Amino acid sequence: MCSLALFPLPPPPGDITLYEFNNALVSGRSYEKLPLTFQGQMESLPTPIIPKENLKAFSRLEHSTKPAFIHHQESLWKRCIRAWRDIGVAGVLEELANAEEEQDLDQGMNEQSWVESSKELGLCCWISSLHGSFFPHLREGIGCSIRAFAWHPHTNKFAVALLDDSICVYNTNSTIVPILKHRLQRNVALMAWKPLCASILAVGCHSCVLIWHLDPTSLSTRPSSGCAQVLSHPGHSPITSLAWAPSGGLLLSASPVDTAMLVWDVSTENCIQLQWFGGGGVTYLAWSPDGSKVLEASHLRSVQMWTYEKWPTIKGPCRTGCWSPDGSRLLFTVQGEFVIYSLSFLEYSGEQQRQVGGSKTASIVADLSETTFETPYGEERIGGEVQSMVWDPSGERLAVVIQGNLDACKAIIAVFRTRNNPVFELLPCGFVQGEDGVQPQLVTFHPCFKKGALLTVCWSNGSISHVPFFFVTAQFPSFSSGQSPLMPLSSCSNTREQPLFSEL
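All of these numbers come straight from a predicted model, not from anything done at the bench.

With respect to the side chain of Arg-329
Mapped onto the elements of the fold, Arg-329 is located in strand S21 (residues 329–334). Buried charge without a salt bridge: Arg-329, with Asp-326 as the nearest opposite-charge side chain at an N-O distance of 7.4 Å. A distance of 2.7 Å separates polar atoms of two side chains, one belonging to Arg-329 and the other to Ser-342.

Next comes the structure, spelled out in structure tokens:
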């Protein structure tokens, strides 16, 4: 089993991770550039910085059109009721503050009614504080201006969902940045580009799924709302997880308050429900690259007959997971635990294709418990629960966002070197660190980087960076096609000193 104790020392304070070379991560100052040898291998990718101050607050706090009309005198109670309906608790607080400044509290209410209203307002504030519990997907990145990020699967284009629920689409080959807005595009949780398609983007919103049809040749910076297709179903909201089938034919959607996962035929806007009677909603979806299986938060389904299988020995809900590029292995984490689990899957034929299959027990392949590193700059503690993790398309790098805690451990990205054939190996590579005081919020790999792997990181200060990992891939197939069954997991301690990849 691999652990953080086997990792090299983290970068010095003030340094950021620049790139990987010879299986080691190189750090330096933020103003340093890549060596000339590598600059020609990197395309000029957009690296926008989107400060939170430049954006409006959450869409639920958006102001109404009241300032556009002629002002007329209203009682304080009417103004509070109107503010509650239009904006929420924040609007009520603002009205009360304005009333106090205008010294009309005495006119609107006596001392007794003020005490009663204070109690009611306290109750409203408590109810509003539960917003993060009802919508945990919005709470995790509450201090960041970026809510979601999605690379296009075939081109150097990506979409960024912002705090004000607008979506910007950046393209390497164009200076035009389309901005997507829609009246139903509220509380955006995630986005997913349709595979094998030029410009269809699915957006998970509070009340529906929006399917944007974007013309890649258009010069418009504000596509109309008519370009968006609306998919909604009663009781299925908010949408916190989406997954396209690798063929692009079907779209899955899930909600933490709905026990059913919906399978959408986008062309006809029809869906079927896959009900789960185990209690609780579905918070995470991941379709295997070979298209045969789907990971839900609590179990796996076979796409052939939509049968499912659970692993009851796992305690706690699934936090995040990722598939190997050939779909033969699943790595996942469980909420409240500091380890990474692994499940391997075999190929079936005939009637056995209806089965999910896979190992009967999940094995622990990495321990991310708190570890103290003795550095020249003092002790540094790293470890904690996994926030998210992604596996690069070559199957040779795994990036894990370790959440840490505010008291002792900082949030950081741990990068592993991986190999899935002929045996599974998970070896330490190093840590990806940002600027001082900045934490990683979202990570994803470029789907078609040819020189190794390219990790895109969205940071808490609203910046987006691209960290290249330069290595020669082992050229394993991306999808399984009759390979022999995988051998059992080998110990990381026995393979740690063996060369894993070709050196540049």
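Topic: the environment of Pro-234
Along the polypeptide, Pro-234 turns up in the loop between strand S11 (228–231) and strand S12 (241–244). Exposure remark for Pro-234: the relative accessible area of 72% places this residue in the exposed category. Between the C-alpha atom of Pro-234 and that of Ser-207, which follows or precedes it by 27 residues, the distance is 9.2 Å.

A closer look at the environment of Ile-412
Mapped onto the secondary structure, Ile-412 falls in strand S28 (residues 412–419). Here Ile-412 falls in the buried class, since its relative accessible area comes to 1%. In sequence terms Ile-412 and Gly-434 are 22 residues apart; their C-alpha atoms lie 8.2 Å from each other.

Some details on the sheet that holds strand S15 (residues 270–275)
Across the sheet, 4 strands lie side by side as S12-S13-S14-S15; this open sheet has antiparallel pairing. A strand with exactly one partner marks an edge of an open sheet, and here the two such strands are S12 and S15. Each neighbouring strand pair of the sheet contributes to a mean axis angle of 20°, computed without reference to strand direction. Bridging between S12 and strand S13 (residues 251–254) involves 4 bridges; their strand directions are antiparallel. When the sheet's bridge partners are listed, Ala-243 is paired in S13 with Leu-252.

Points about the pattern of salt bridges
The full count for this structure, using the stated rule, is 7 salt bridges. We note a salt bridge from Glu-20 to Arg-397, for which the minimum N-O separation is 2.6 Å. On the criterion of sequence distance, the pair formed by Glu-20 in strand S2 (residues 16–21) and Arg-397 in strand S27 (residues 397–402) is long-range, its members being 377 residues apart. Residue classification places Arg-397 among the buried residues on the basis of a relative accessible area of 0%. For Glu-370, the salt bridge goes to Arg-381, with nearest N and O atoms at 3.3 Å. Separated by 11 residues along the polypeptide, Glu-370 in the loop between strand S23 (363–367) and strand S24 (371–375) and Arg-381 in strand S25 (residues 378–382) bring together distant segments of the chain. Given a relative accessible area of 42%, Glu-370 falls into the partly exposed group.

Comments concerning the environment of Ser-145
Relative to the assigned elements, Ser-145 resides in the loop between helix H7 (136–139) and strand S4 (146–151). Setting aside chain neighbours within four positions, we find Ser-145 in contact with Ile-50, Pro-51, Lys-52, Leu-55, Ala-161, Leu-162, Leu-163 and Gly-462. Here the side chain of Ser-145 touches Ile-50 through a polar contact of 2.4 Å, landing on its backbone oxygen.

As for unusual backbone geometry
In most cases, non-glycine residues show a negative phi, while peptide bonds are predominantly trans. A cis amide bond links Ser-237 to the next residue, Pro-238, at an omega of 0°. For Pro-238, the location among the structural elements is in the loop between S11 and S12. For the bond running from Asn-421 to Pro-422, omega is 0°, close enough to zero to count as cis. In this structure, Asn-22 is a non-glycine residue whose phi angle is positive, near 55°. Tracing the backbone shows Asn-22 in the loop between S2 and strand S3 (24–28). For Glu-269, which is not a glycine, the phi torsion comes out positive at approximately 60°. For Glu-269, the position within the fold is in the loop between strand S14 (260–265) and S15. The partly exposed category is assigned to Glu-269, whose relative accessible area is 41%.

Digging into the nonpolar core
Counting residues in hydrophobic clusters, the biggest one holds 24 residues, and the most contacted among them are Ile-146, Phe-149, Phe-158, Val-160, Leu-162 and Ile-464. Among the secondary structure elements, those contributing two or more residues to this core are S2, S4, strand S5 (157–162), strand S6 (167–171), strand S31 (452–459) and strand S32 (464–470). Excluding residues within four positions of it along the chain, Leu-162 makes contact with Ile-50, Leu-55, Ser-145, Ile-146, Arg-147 and Cys-168. Within the second largest apolar cluster, 23 residues are counted, among which are Leu-398, Val-400, Ile-402 and Ile-412.

What to know about the sheet that holds strand S10 (residues 209–213)
In space, the 4 strands of this open sheet follow the order S8-S9-S10-S11, with antiparallel pairing throughout. The open sheet is flanked by strand S8 (190–193) and S11, the only strands paired with a single partner. Mean inter-strand twist for the sheet, computed between neighbouring axes without regard to direction, equals 20°.

Some remarks on the packing of aromatic side chains
The final tally for this structure, using the stated rule, is 15 aromatic pairs. Ring plane angle 15° and centroid distance 4.2 Å describe the contact between Phe-38 and Phe-470, whose orientation is recorded as stacked. Taken together, the residues span a long stretch of sequence, with Phe-38 in helix H1 (residues 36–39) and Phe-470 in strand S32 at a distance of 432 residues. Per residue, the accessibility class of Phe-38 equals that of Phe-470, and both read buried. With 5.6 Å between their ring centres and 45° between their planes, Trp-323 and Phe-345 make a pair best called tilted. Of this pair, Trp-323 sits in strand S20 (residues 318–323) while Phe-345 sits in the loop between strand S22 (339–344) and S23, and the two are 22 residues apart along the sequence. Site record: aromatic cluster; members linked through ring pairs are Tyr-19, Phe-21, Phe-38, Phe-449 and Phe-470. Here Arg-397 stacks its cationic end above the ring of Phe-471, 4.0 Å away from the centre of that ring.

What counts, and at which threshold
Residues numbered from 1 in each chain as written. Predicted model: local features only at pLDDT ≥ 70, side-chain atom pairs only at ≥ 80, totals over all residues. Heavy atoms only, no water. Helix = DSSP H or I, 4+ residues; strand = E, 2+ residues; numbered from the N terminus. Buried < 20%, exposed > 50% of the residue type's maximum accessible area, 1.4 Å probe, protein only. Lys, Arg positive; Asp, Glu negative; His and termini not counted. Salt bridge = Lys/Arg side-chain N within 4 Å of Asp/Glu carboxyl O. Polar contact = N/O pair within 3.5 Å; in protein donor to acceptor, adjacent residues only side chain to side chain. Pairing = 2+ DSSP bridges. Axes fitted to C-alpha atoms, helices over the stretch in contact; angles between N-to-C directions. Contact = heavy atoms within 4.5 Å. Core = buried A, V, L, I, M, F, W, Y, C linked by side-chain atoms within 4.5 Å. Phe/Tyr/Trp six-rings, centres within 6.5 Å; stacked < 30°, edge-to-face > 60°. Lys NZ or Arg CZ within 6 Å of the ring centre and 35° of its normal.

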